[in-house]
Amino acid sequence: MLSIRNLKATINGREILKGINLEVKAGEVHAIMGPNGSGKSTLASVLAGRDLFTVTGGEVLFEGSPLLGLSPEVRARAGIFLGFQYPVEIPGVSMTNFMRTAINEQRKYRGLPEMSATDFLKLMRDKKALMEIDSALASRSVNEGFSGGEKKKNEIFQMAMLEPKLAILDETDSGLDIDALKTVATGVNRLRRPDNAMIVITHYQRLLDYIVPDFVHVLSAGRIVKSGDKTLAYELEEKGYDWIKEENEI
Amino acid sequence: MQKYKNQRQYHRIIYKNQSLYYVYGLILPAGIAISGASILELQINLHSNCYLCFLFRRILNNFAALVISVFHVIMNGDQDPILKQVTQGEYKYGFVTDLDNDALPKGLNEDIVRRISAKKEEPEWLLEIRLKAYRYWLTMKKPEWAHLKIPPIDYQDIIYYSAPKSNKPAGSFEDVDPELLKTFDRLGIPLDEQKHLSGFAVDAVMDSISVKTTFKESLGELGIIFSSFSDAVREHPDLIKKYMGSVVPYRDNFYAALNSAVFSDGSFVYIPKGVRCPMELSTYFRINAANTGQFERTLIVAEEGAYVSYLEGCTAPMRDENQLHAAIVEIIAHTDAEVKYSTVQNWYPGDKNGKGGIYNFVTKRGICLGDRSKISWTQVETGSAVTWKYPSCILRGESSVGEFYSVAVTNNYQQADTGTKMIHIGKNTRSTIVSKGISAGKGQNSYRGLVRVTKNADNARNYSQCDSLLLGDQCGAHTFPYIEVDNESAVVEHEATTSKIGEDQIFYCNQRGIDTETAIGLIVNGYAREVLNKLPMEFAVEAQKLLQISLEGSVG
């Protein structure tokens, strides 16, 4: 589904990604872990097409086609979803209106007719139930006045609405207490399907107790320095990121 | 990362919209349990000041709002074609109707003033007012204090009276020139009452005269007078004599004096004691003829306990030369009366290089004469090359309330200097000002507002909020608040913010599949929502579309 080859990216001339290689197949969940400043969030932003970063080398194929030349909205319409670490507030724009615009833009891109209002409201209702989300959410403005936990839940709710092929969740666990973490993780697990894939970016192993990954990669100083199965996460938790650094130096 | 206010909660105040009950009451399938008309009927019988009735009304309204909002979402299932159309369209009202005009020659002098009066077969006293105003105007200079750059206007190069020839005054629907009807149809304003499902009564004004006023008879049964100004002068001279110029005297300012001398037509509304006007009254202004100025007058009188919601819309053809529009609106609210006045102003703004467009110099003022009376101005200003406009409230009655909600957009070379005046005279008077300026391109947008609390206005309260949103780096936003307080018990609050649309907001929308142009439309409409919510539903939809058109091409 996604293949990243030797991807390099800079911000303001400083190189953050120094040659990333990663293969993600349908049905898989990949966890990317690493210390602060290792480039985890940069990777997520580059894949989503944020223009703060300049790609200086390598390529990314999404379902066999080059991804990097596409605008962020086209990537989204092609099925890439980014769960933001810091979801943005848009005052005055209701979640209903926002989601409806997004869904219809995506459907238009895929040559589908617009969703009727009745179908859309039904979809909202179903997904809210699935994600165990407060029904007042729809009438509130996008992320405005949401607590940290609500914002993260709202990201997963949007993911459920848009049904992406590839979801990249950028530190979805940060700032969540254990109950909120469980709700978010349950939501994510309900969305796992054989035909979609997820990249879960996290600093702590804790989230991976609830969202069990097929693969774990450790990112350090702009490179993936170690890959393994879920046991790697436990090992990391036990030994700390210094262990990787030391091992690398050897 | 710049953000505008995030603490405030936005509530949809659907239940305040009386028009809704009519709009949906007529469209809703009979099967839906609630009929809009019956609610309204109940409302008429409810006491306006009794707490129990108030509660009961709230419950009814909330229920109705629930049904309506669900239905509204369903109804708007095809909103996106509108968006598409909008993102492609330019000024779509720019066509010209080919009509024979009965026009006076260009220029302004006493003879022209007399001839306008004669054309309208006016009584002597009105001609006297015109002449006094004209003579006074000659002694005046145009105001220079506004933050506007206006090239000199040659007042001798303007036609002051032009009327479509075939229109017979005060005729029935069959008498109206089909060409005229077509024009208003194209503008989306059918003048055929049969086609009017939505509970709007319309007075259509083309150039200098009123073409047709709908629902005149059915409103008349309630004692409501809704007619063209000229008809009112003939049929209700006492009322006109009593109220005209009582809020905006001809000496008020340069443009008011000009208007008082040469005004042609406009609307007159009179709501008798205790009557709630059951439909939205609206006037649609259209400038059609070239080289012609439009000078209309609107006068609204609400007697004790009366209620009316009034709407005004305006468009003009695209022309290379600038055209002048100088209007006067006067509102009088007696004890316990409430008047809501909404404007969607979409005069031709000129082209992308700043050529052409309407100069819009308007004096709008209302007086809350009686205790507990209320006047509310809502305006969406997207058109005109230059806007100079300050809808104001004089709060004379005790506990009277003034409100001003405004969205003003300037794109390309448009300039707007707009705001309000709230003059607190009575005790316990309250006023609210919410102004949202949006500047794009090379547009210049100024808020200018005065809050004055006079000596005897004990416990006066004002809250002002002025937000400016900038799109791009060549536009300007300016805020000129004036506060004059002569009473120690007054509480006057002023909040102002200036913001840009955040790149992070746009990226967030992009990441959900929404392109940048649509994202800006969403964000701007969200920003203006507090004001748009104050408009009757049909106008709100129209205004949203307008905002999107006006900001087209302003990205990047």
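**Student:** What's the story with the interface of chain A and chain B in this structure? I'm lost.
**Tutor:** The accessible area lost on association of the parts is a frequent measure of interface size. Between chain A and chain B, the residue contacts involve 39 residues of the former and 33 residues of the latter. Taken together, the two surfaces of chain A and chain B that pack against each other cover about 3,200 Å², and 58% of this comes from carbon and sulfur. When residues of chain A are sorted by the area they lose upon contact with chain B, Arg50, Val88 and Pro91 of chain A head the list and together hold 16% of the total. Across the contact surface, chain A and chain B share two salt bridges. The closest approach of N and O atoms between Glu155 of chain A and Arg512 of chain B, which form a salt bridge, is 2.7 Å. Put simply, chain A and chain B have 12 residue pairs in polar contact (both at pLDDT 80 or more) between them. Secondary-structure elements contributing two or more residues to the side of chain A that touches chain B are helix H2 (72-78), strand E6 (80-83), strand E7 (90-94), helix H3 (95-109), helix H4 (117-130), strand E8 (141-142) and helix H5 (148-162) of chain A. With eight residues, H3 of chain A is the single largest residue contributor to the side of chain A that touches chain B. Across the side of chain A that touches chain B, the residue classes break down as 18 nonpolar, 12 polar and nine charged.

**Student:** Is there a simple way to think about the environment of Leu61 of chain A in this case?
**Tutor:** All names here are of chain A. Take Leu61: it is sitting in strand E4 (residues 54-62). Exposure remark for Leu61: the relative accessible area of 17% places this residue in the buried category. When the C-alpha atoms of Leu61 and Lys182 are compared, they prove to be 33 Å apart, with 121 residues separating the residues in sequence.

**Student:** It is not clear to me how the pairing of E4 of chain A should be interpreted in this structure. Could you clarify?
**Tutor:** Residue and element names in this part refer to chain A. One ladder, built from seven bridges, connects strand E1 (residues 2-11) with E4; its direction is antiparallel. Bridge pairing links Ala9 to Val55 in E4. Joining the antiparallel neighbours E4 and strand E5 (residues 65-66) is a turn of two residues, in which Glu63 adopts a positive phi near 50 degrees.

**Student:** Even after reading the chapter, I still don't get the sheet that holds E5 of chain A, so can you show me in this structure?
**Tutor:** By way of backbone hydrogen bonds, the strands of a sheet pair with one another, either parallel or antiparallel. Residue and element names in this part refer to chain A. Ordered by their spatial adjacency, four strands build an open sheet running E2-E1-E4-E5, and the pairing between neighbours is antiparallel. In the strand order of this sheet, the two ends are held by strand E2 (14-24) and E5, each with one partner. Sheet strands touched by helix H1 (residues 40-48): E1, E2 and E4. Its angle to E1, the strand with the most contacts, is close to 110 degrees.

**Student:** Sorry if this is basic, but what is going on with the nonpolar core here?
**Tutor:** Note on soluble globular proteins: their nonpolar side chains tend to be buried together. In terms of nonpolar packing, the biggest core is built from 94 residues, with Leu2, Ile4, Phe98, Leu166, Ile168 and Ile199 of chain A touching the most fellow members. Once residues lying within four places of it in the same chain are set aside, the contact partners of Ile199 of chain A are Leu2, Leu22, Val24, His30, Ile32, Leu47, Leu166, Ala167, Ile168 and Leu169 of chain A. Ranked by size, the runner-up nonpolar core spans 36 residues in total, among them Ile150, Tyr160, Ala261 and Leu324 of chain B.

The rules behind these values
Residues numbered from 1 in each chain as written. Chains lettered and ligands numbered in written order. Predicted model: local features only at pLDDT ≥ 70, side-chain atom pairs only at ≥ 80, totals over all residues. Heavy atoms only, no water. Contact = heavy atoms within 4.5 Å. Buried area = accessible area lost by both parts, 1.4 Å probe. Salt bridge = Lys/Arg side-chain N within 4 Å of Asp/Glu carboxyl O. Polar contact = N/O pair within 3.5 Å; in protein donor to acceptor, adjacent residues only side chain to side chain. Helix = DSSP H or I, 4+ residues; strand = E, 2+ residues; numbered from the N terminus. Nonpolar A, V, L, I, M, F, W, Y, C, P; charged D, E, K, R; others polar. Buried < 20%, exposed > 50% of the residue type's maximum accessible area, 1.4 Å probe, protein only. Pairing = 2+ DSSP bridges. Axes fitted to C-alpha atoms, helices over the stretch in contact; angles between N-to-C directions. Core = buried A, V, L, I, M, F, W, Y, C linked by side-chain atoms within 4.5 Å.

Everything listed here is a matter of coordinates, which is why it stays silent on function.
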